[in-house]
Amino acid sequence: MLQLKELYKVFNEGTPDEKIALHQVSLTLMPGDFVTVIGSNGAGKSTLMNMISGVLLPDVGEVLIENKDVSKLPEHKRGKYIGRVFKTQWPEPPLP
Ligand SMILES: Nc1ncnc2c1ncn2[C@@H]1O[C@H](COP(=O)(O)OP(=O)(O)OP(=O)(O)O)[C@@H](O)[C@H]1O
Ligand SMILES: [Mg+2]
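All of these numbers come straight from a predicted model, not from anything done at the bench.

Overview of the nonpolar core
By size, the foremost hydrophobic cluster in this structure holds ten residues: L4, L7, A21, L22, L48, M51, I52, L56, V63 and V70. Of all elements in the fold, only β1 (2-11), β2 (19-29) and α1 (45-53) reach the threshold of two or more residues within this core. The element best represented in this core is α1, accounting for three residues. If sequence neighbours within four positions are ignored, V63 has contacts with L4, M51, I52, V70 and S71.

Shown next as structure tokens:
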């Protein structure tokens, strides 16, 4: 089970470039659930995925995997709880 509890993330806080990327985002996914996240450019989709995988840590809120609070675990330590597959290979494979 994956639980997101009131995730909040602001970039460049206190500057003219301040942007609240996530504002109280909550979600509970059970085993077998299939979810598609949609949203316009800049809606916060990547920020959300980065927060689940540990690339980014929430300013406020919690990420729980099987009831374990992983909110403060960086990506390399979170890897034993959750995996992520990117749609593109990086670096790009050489052209044939
Ligand atoms: N590292 C960062 N520094 C500053 N602002 C950021 C950073 N990452 C994201 N943002 C800002 O946070 C908001 C959400 O960005 P995010 O990349 O999560 O959106 P997205 O839904 O993935 O967009 P897209 O459809 O273009 O991929 C945007 O306004 C973006 O400019
Ligand atoms: Mg994105």
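A look at the pairing of strand β3 (residues 60-65)
Along any regular strand, the residues point their side chains to alternate faces of the sheet. Looking at chain direction, β1 and β3 are connected through five bridges and run antiparallel. What sits directly across from Q3, in β3, is L64. Bridge count for β3 against strand β4 (residues 68-69) is two bridges, and the pairing is antiparallel. Within the sheet, the bridge partner assigned to I65 lies in β4 and is K68. Hairpin connection between β3 and β4: a loop of two residues separates the two successive antiparallel strands, and E66 in this loop has a positive phi of roughly 50 degrees.

As for the site of ligand 1
In the vicinity of ligand 1, the residues found are F11, N12, K19, A21, G39, N41, G42, A43, G44, K45, S46 and T47. Put simply, the parts of the chain that give the shell around ligand 1 at least two residues each are β2 and α1. The class makeup of the residues in the shell around ligand 1 is three nonpolar, seven polar and two charged.

Analysis parameters
- Residues numbered from 1 in each chain as written.
- Chains lettered and ligands numbered in written order.
- Predicted model: local features only at pLDDT ≥ 70, side-chain atom pairs only at ≥ 80, totals over all residues.
- Core = buried A, V, L, I, M, F, W, Y, C linked by C-beta atoms within 7 Å.
- Buried ≥ 20, exposed ≤ 12 C-beta atoms within 10 Å, placed from the backbone.
- Helix = DSSP H or I, 4+ residues; strand = E, 2+ residues; numbered from the N terminus.
- Contact = placed C-beta atoms within 7 Å.
- Pairing = 2+ DSSP bridges.
- Near = placed C-beta within 6 Å.
- Nonpolar A, V, L, I, M, F, W, Y, C, P; charged D, E, K, R; others polar.

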